[in-house]
Amino acid sequence: MKKFINAVDDLLAESLAGFAAAHSDLVRLHLDPNYLRRSQKTQDKVAVISGGGSGHEPLHGGFVGYGMLDAACPGQVFTSPTPDQMLAAAEAMEAGRGVLFIVKNYAGDVMNFQMAAELLPFPNETVLVSDDVAVENSTHTAGRRGVAGTVIVERMVGSLAETGADLAACKALGDRVNRRTASMGVALTSCTVPAVGRPTFDLGENELEMGVGIHGEPGRRREPVRPADAIVADLVAAILDDLKPARGSEVLLLVNGFGGTPLMELYLLYNSAARLLHRQGLTISRSLVGNYTTSLDMAGASLTVCLLDEELRRHWDAPVHTPALRWGR
Amino acid sequence: MKKFINAVDDLLAESLAGFAAAHSDLVRLHLDPNYLRRSQKTQDKVAVISGGGSGHEPLHGGFVGYGMLDAACPGQVFTSPTPDQMLAAAEAMEAGRGVLFIVKNYAGDVMNFQMAAELLPFPNETVLVSDDVAVENSTHTAGRRGVAGTVIVERMVGSLAETGADLAACKALGDRVNRRTASMGVALTSCTVPAVGRPTFDLGENELEMGVGIHGEPGRRREPVRPADAIVADLVAAILDDLKPARGSEVLLLVNGFGGTPLMELYLLYNSAARLLHRQGLTISRSLVGNYTTSLDMAGASLTVCLLDEELRRHWDAPVHTPALRWGR
Amino acid sequence: MKTEFILQAVQAVNHAILAHESEIESLDREIGDGDHFINIKRGSRAIAEMRDELADLPPDMVLQRIGMKLLSTVGGASGPLLASFFLALAKTVKERGTATLPDKAAAFAAGVEAVKSRGKADIGEKTLLDVLIPVSQAFTRLAAEGVEGAALLNELKRVAEAGMLSTRDMIATKGRAAFLGERAVGHIDPGAKTCQLVIQTVCDLALH
Amino acid sequence: MKTEFILQAVQAVNHAILAHESEIESLDREIGDGDHFINIKRGSRAIAEMRDELADLPPDMVLQRIGMKLLSTVGGASGPLLASFFLALAKTVKERGTATLPDKAAAFAAGVEAVKSRGKADIGEKTLLDVLIPVSQAFTRLAAEGVEGAALLNELKRVAEAGMLSTRDMIATKGRAAFLGERAVGHIDPGAKTCQLVIQTVCDLALH
Ligand SMILES: Nc1ncnc2c1ncn2[C@@H]1O[C@H](COP(=O)(O)OP(=O)(O)O)[C@@H](O)[C@H]1O
Ligand SMILES: Nc1ncnc2c1ncn2[C@@H]1O[C@H](COP(=O)(O)OP(=O)(O)O)[C@@H](O)[C@H]1O
Ligand SMILES: [Mg+2]
Ligand SMILES: [Mg+2]
Ligand SMILES: [Mg+2]
Ligand SMILES: [Mg+2]
């Protein structure tokens, strides 16, 4: 394992310190318990707070700022944060309108946020993000994972919260965006958790892993490497099979890199996916291409489609000013 | 080699098509000869045009748009574009005030842009970017390479051009920014040129390459892997030795990833570099952290320091709206 | 149960976990995300370092502090589950003490119930509950039958091991391994392994 | 020099380049950026495909078209250099023809001069000029002395090879290898290898 680190145990703290220093105009870092918050607290709005294991940067810290999150709680690498972090962040950012937690649907994240929610002295709601169609859903299981669609949920809910909407409205929008969003990913390599020091799984020189999550969990099946168009066709089919959009629907297409795949390839994937969506009679009216929900140094990418409507498009377009997403101001 | 491609020969065209589709609000792609241009041509300004080999995305296409480039000419991977591309781009974007070429200092880029300049029916000037202090300069050699500092030159010159400044002023500012900017990079892995199919150089599991360029050219020396702080100390020393900033100077610090290194590590490098700069009595008043001048899938990063003054800071801060850099609008 | 014994158990468990690093770590790399060992090591070390501040507290408060410390240090899925176990254990110990074996078994059972409701999981889902539930059932039954000493402890160890091994052939429906479907079959659940190791270590300590 | 011969040479060179893929490619991976082979292959194929449109043109126009095609297809450092060579060659051929050997040598020399001034480089800088300059000098001298046929062609091949090999021990001061300093020593320059290969191929063709 070769990484830019000093000591494995200090990686997270040093990286957070660098992040806060590089974006000191936007965010402030609180240590022990760790959370990142907007440098300016906004009054009279629902406090939108997310968090999760580290290693997915810019998620979530990169989305703290106007029009998105009020705070983010970073756990250790790939490990959900602990309730004391959520409590401290909520304490700092609650502004009289309650707290909305945005939580990716993993047992660890769900339980830690739940314990925080039980202890929280403010009205609160939780939006569970579960956009990963690689995972089969059933009533007996814990359900689908939350992956790159989280960025879209955070963006749209963050926009609504900025208008002064109440907790119930923010929760309802988050759930609605989640229902209209589907993702699936593919890995060309594993990632290496720094504290472990070697790849989480081994992939042969001619293999890829379909349906991976964002923690180096192996996917649902391993396949020989294929042309990008064939890979994209499978991802798009799974996504559309889930969303079942009517012809003529308007969508947002997010091509998300996992950290080790260059932009050149991500745009090639975009080209391939966009062609397929057009062929299905869909209109791509908004796009995002880049590393937004990563898995350390994993080479790979995921596709996310969000079914837009007038309201969702408006919340996507509204001004946002965070370290990793910025427009309109 | 595992990459998201269909056929190696189509990679560039498909990636460009995806880029243009994903950013159709900002850029338009012209094929054969290939160039990317703003979708809206601005009248009465110097046309600022750059270009270079592909594989450095988002450089240069990602910087086409308001406040930065008017057009970018992408060559094949790591191969400078050809003069017909520059001629066609200039033809399309010249708006009565002449053409400024921003060229990274590589023999190939310089000669191709030179041949274009000789054939160009408009007044034109060229700013050569040569910020890489890893390369020793001497009167007998072709001089230092242009690397990540190019983003800063393009940004500041682009801002000035937007104000209606004339060709001479744009050229003078570009040269001044270049003189005040220094960079150095380090690689943890090689990159793999898709058409070649295997790594350009081999690095052992415990080796790193100091002073690499952005084309997988080997650096000046190979070393055992060291803690990030020690690596950063060497890079910062080389940069400051070149710039020789007075104590109390104000600087912009750019931590640039080469494509395969996650943001988490880039912020750790930022933390390390910022501490050293502070210790030298420097004030970091502007920062940029991310993948801006990449080398395909190479794991590694470069540091760039630009000595600011009131004018340069103003041009950095002015509104910019491109696919890869956006603020103020 | 004395504070003294709890603190000795904490040290013994900390050593046992460190001694099984590669085994536990590889289980979570195979069907999880590779962090389980680091998570429990972080928690176990944090508790081991509390020795001085815990030494003079009564057992229920010691267990409560351990639960809170696990909650704020472990993270992941295992953090809230282990914390819930200790917090419920502490509550029951406080309420009815640990004078008799059935008292101890009841406290353990309360901990396991808390884990079940926190994780919304039950036996057969390839989690640490496949160790905790059978051990709790055996403990309650044997305590009611008056079995004690080595006979009890050895049986609990056996049941823990059998529960841990039983996860090998299961398909997971909870936790990260659930994402793998059929592919998780053939691998032991990391949380189950950890719980089995802890139970074995504590029983061995009590045996001496 | 007839159009017919130029077109035959184009095909022969195209084959020769393809046959030396791994050799040329590895040279640029060692001291460059790995694309030299791809660059010249792209150019060489583009010219080979022009066969029909060039067949009826006079030699100077054929050379001019080749230069322009190289300029718009090769890119990199080698593109403008090779293009400059052919454009200057074409110009001299047009001006004084290729009736005599000194005419041919003069045209070649004009091409090499154009490369020198385009690249602002000279002999000894570990570039393709370390092949082109000695070959041009030998050509001019031998043509003046009246050496012709196999004697001339074999000598040009020998000089090209010696020039190519001479780059091995040089430190580069131009091109990408210049960034390597001492580390480039021991490696042959890829552009020099290509030029030597082209010269050898054309001489061999002329020998038959
Ligand atoms: N809902 C649940 N109920 C009970 N145990 C669970 C549940 N989800 C996960 N686990 C246990 O947690 C273990 C994984 O813990 P750990 O690796 O620390 O957390 P994470 O899965 O968040 O990375 C699994 O092996 C399993 O035994
Ligand atoms: N200034 C120069 N003058 C002459 N030849 C040069 C010069 N710069 C580079 N070359 C030649 O170009 C070759 C490299 O060509 P190529 O790999 O196609 O382009 P690039 O270096 O841009 O990747 C070198 O091996 C060298 O022979
Ligand atoms: Mg985890
Ligand atoms: Mg090149
Ligand atoms: Mg885990
Ligand atoms: Mg090259």
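Because the structure is a prediction, the values reported are computed rather than measured. (Residues numbered from 1 in each chain as written. Chains lettered and ligands numbered in written order. Predicted model: local features only at pLDDT ≥ 70, side-chain atom pairs only at ≥ 80, totals over all residues. Heavy atoms only, no water.)

Considerations on the overall build of chain C
No. 1: Counting its secondary structure elements, chain C contains 10 helices and 0 strands.
No. 2: Seen in sequence order, chain C has helices and strands lined up from the N terminus as α-α-α-α-α-α-α-α-α-α.
No. 3: The C-alpha atoms of chain C give a radius of gyration of 16 Å, which matches the 17 Å a tight globule of 208 residues would have.
No. 4: If you line up chain C on its principal axes, its C-alpha atoms span 45 × 35 × 30 Å.
No. 5: Counting over 208 residues, chain C shows a buried share of 56%.
No. 6: Relative to all contacts within chain C whose residues are 6 or more apart in sequence, the contacts with residues 24 or more apart total 66%. (Helix = DSSP H or I, 4+ residues; strand = E, 2+ residues; numbered from the N terminus. Rg over C-alpha atoms; globule rule 2.2 N^0.38 Å. Buried < 20%, exposed > 50% of the residue type's maximum accessible area, 1.4 Å probe, protein only. Contact = heavy atoms within 4.5 Å.)

Quick notes on the interface of chain A and chain B
No. 1: With 56 residues of chain A at the interface, the matching set in chain B holds 56 residues.
No. 2: Three residues stand out in chain A for area buried against chain B, namely Lys2, Phe4 and Met264 of chain A, and they jointly supply 23% of the buried area on that side.
No. 3: The tally of links between chain A and chain B comes to 2 salt bridges.
No. 4: Taking the shortest distance from any N to any O, the salt bridge between Glu265 of chain B and Lys3 of chain A comes out at 3.9 Å.
No. 5: Linking chain A to chain B there are 20 residue pairs in polar contact (both at pLDDT 80 or more).
No. 6: Broken down by secondary-structure element, the contributors of at least two residues to the side of chain A that touches chain B are helix H1 (11-22), helix H6 (228-243), helix H7 (263-279), strand E11 (283-290), strand E12 (300-307) and strand E14 (326-327) of chain A.
No. 7: Top contributing element to the side of chain A that touches chain B by residue count: H1 of chain A, with 9 residues.
No. 8: Residue composition of the side of chain A that touches chain B, grouped by class: 29 nonpolar, 16 polar and 11 charged. (Buried area = accessible area lost by both parts, 1.4 Å probe. Salt bridge = Lys/Arg side-chain N within 4 Å of Asp/Glu carboxyl O. Polar contact = N/O pair within 3.5 Å; in protein donor to acceptor, adjacent residues only side chain to side chain. Nonpolar A, V, L, I, M, F, W, Y, C, P; charged D, E, K, R; others polar.)

Comments concerning the state of the cysteines
Chemically, a disulfide is nothing more than a covalent bond linking the sulfur atoms of two cysteines.
No. 1: The tally for this structure, following the rule as stated, stands at 0 disulfides over all chains.
No. 2: Unpaired in terms of disulfides, Cys170 of chain A finds its nearest cysteine sulfur in Cys306 of chain A, a separation of 16 Å.
No. 3: For Cys170 of chain A, a relative accessible area of 0% translates into the label buried.
No. 4: Here Cys203 of chain D is not disulfide-linked; the sulfur of Cys195 of chain D is the nearest cysteine sulfur, at 13 Å.
No. 5: Exposure remark for Cys203 of chain D: the relative accessible area of 5% places this residue in the buried category. (Disulfide = S-S within 2.5 Å.)

Focus: the arrangement of the chains
No. 1: With 3 pairs of chains in contact overall, the greatest share of contacts is found between chains A and B.
No. 2: Over all C-alpha pairs, chain A and chain D never come within contact, reaching a minimum spacing of 17 Å.
No. 3: Left apart from each other, chain C and chain D have a closest C-alpha approach of 36 Å.

Overview of the sheet that holds strand E3 (residues 47-54) of chain A
Residues and elements named next belong to chain A.
No. 1: Taking strand neighbours across the sheet as the criterion, the 6 strands line up as E1-E2-E4-E3-E5-E6 in an open arrangement whose pairing is mixed. Every other strand in the sheet has two partners, leaving strand E1 (27-30) and strand E6 (124-129) as the edge strands with one partner each. Geometrically, the sheet is characterised by an average inter-axis angle of 20° between neighbouring strands, direction not taken into account.
No. 2: In the packing of helix H3 (residues 107-119) onto the sheet, contacts are made with E3, strand E5 (99-104) and E6, and the angle to E5 comes to roughly 165°.
No. 3: This element, helix H4 (residues 149-162), spans strand E2 (35-38), E3, E5 and E6 of the sheet and lies at about 170° to E5. (Pairing = 2+ DSSP bridges. Axes fitted to C-alpha atoms, helices over the stretch in contact; angles between N-to-C directions.)

Some thoughts on the domain arrangement of chain A
Residues and elements named next belong to chain A.
No. 1: Domains assigned within chain A are domain 1 (8-179) and domain 2 (181-319).
No. 2: Domain 1 puts 36 residues into the contact, and the matching count from domain 2 is 41 residues.
No. 3: Buried area between domain 1 and domain 2, both sides added, is near 3100 Å², and the carbon and sulfur share of it is 62%.
No. 4: Inspection of the region where domain 1 meets domain 2 yields 3 salt bridges.
No. 5: Our count for the contact surface shared by domain 1 and domain 2 stands at 20 residue pairs in polar contact (both at pLDDT 80 or more).
No. 6: The set of elements that each furnish at least two residues to the side of domain 1 that touches domain 2 consists of H4 and helix H5 (167-179).
No. 7: Among the elements that take part in the side of domain 1 that touches domain 2, H4 stands out by supplying 7 residues, more than any other. (Domains from an automatic or database assignment.)

Looking at the coordination of the magnesium ion (ligand 6)
Under perfect tetrahedral coordination by four donors, a metal shows angles of 109.5 degrees; under perfect octahedral coordination by six donors, it shows angles of 90 or 180 degrees.
Residue and element names in this part refer to chain D.
No. 1: Protein coordination at the magnesium ion (ligand 6): the donors are Asp28 (OD), Asp33 (OD) and Asp35 (OD), at 2.1 to 2.3 Å from the metal.
No. 2: All donors to the magnesium ion (ligand 6) come from one chain, and their sequence spacing reads D-x4-D-x1-D.
No. 3: For the pair the magnesium ion (ligand 6) and the magnesium ion (ligand 4), the metal-to-metal distance amounts to 3.5 Å, and Asp33 bridges them. For the residue pair Asp33 and Asp35, the accessibility class agrees, reading buried in each case. (Donors = N, O, S within 2.8 Å, 3.2 Å for Na, K, Ca; no water.)

Description of the pairing of E11 of chain A
A regular strand places its side chains on the two faces of the sheet in alternate fashion.
Residue and element names in this part refer to chain A.
No. 1: Where strand E10 (residues 250-257) meets E11, 7 bridges bridge the pair, whose relative direction is parallel. Across the sheet, the residue bridging to Leu252 is Arg286, located in E11.
No. 2: For the segment spanning E10, H7 and E11, crossover handedness is right-handed. (Right-handed = clockwise from strand over helix to strand, strands pointing away.)

Digging into the site of ligand 2
No. 1: By nearness alone, 20 residues border ligand 2, and Asp33, Asp35, Ala77, Ser78 and Asp189 of chain D come closest of all.
No. 2: Neighbouring residues of ligand 2 are not confined to one chain but are distributed across chains B and D.
No. 3: Take Asp35 of chain D: an N or O atom from its side chain is 2.9 Å from an oxygen atom of ligand 2.
No. 4: When ligand 2 is considered free in solution it has 560 Å² of accessible area, and contact with the protein chains removes 96% of it. (Near = heavy atom within 4 Å. Areas by Shrake-Rupley, 256 points an atom, 1.4 Å probe, with all protein chains shown as cover.)

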